[in-house]
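Understanding the architecture of this molecule
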Amino acid sequence: MGNYSIVRDGNEYVVRAGEKSVLKIASRRRAAKLISDAVELLEKQPAPSAEVENTSIVPDLGAILDSQVP
């Protein structure tokens, strides 16, 4: 989450990640605290394993077609 910004919009602050607005909050200090907390949580999250990334769910079309036979 290294590419974020806090932009003032009227009486509120908008937290932006890249080009997307992700949070609107009344306090700049609170916005900065929430970003800090989010970065800390992301750093604690374990890296996804290669095994999970390569797993896909494929339906058994034979079972679907067999159940439709009259």
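Residues numbered from 1 in each chain as written. Predicted model: local features only at pLDDT ≥ 70, side-chain atom pairs only at ≥ 80, totals over all residues. Heavy atoms only, no water.

1. What about the confidence of the model for the chain?
Looking at the chain, the pLDDT average stands at 77 and 64% of residues meet or exceed 70. Mean pLDDT across the elements of the chain bottoms out in helix H3 (residues 61-67) (54) and peaks in strand E2 (residues 12-17) (91). (pLDDT = per-residue confidence, 0-100. Helix = DSSP H or I, 4+ residues; strand = E, 2+ residues; numbered from the N terminus.)

2. Thoughts on the pattern of salt bridges
All chains considered together, the criterion is met by five salt bridges. Its salt-bridge partner being Glu12, residue Lys24 comes within 3.8 Å of it at the nearest N-O pair. You can see Lys24 sitting in strand E3 (residues 20-25) and its partner Glu12 sitting in strand E2, a full twelve residues away along the chain. With a shortest N-O distance of 3.5 Å, Lys44 and Glu40 are connected by a salt bridge. Here Lys44 and its partner Glu40 are both found in helix H1 (residues 28-44), four residues apart, which amounts to about one turn of the helix. We classify Glu40 as partly exposed; its relative accessible area is 41%. The network of salt bridges with shared partners includes Asp9, Glu12 and Lys24. (Salt bridge = Lys/Arg side-chain N within 4 Å of Asp/Glu carboxyl O. Buried < 20%, exposed > 50% of the residue type's maximum accessible area, 1.4 Å probe, protein only.)

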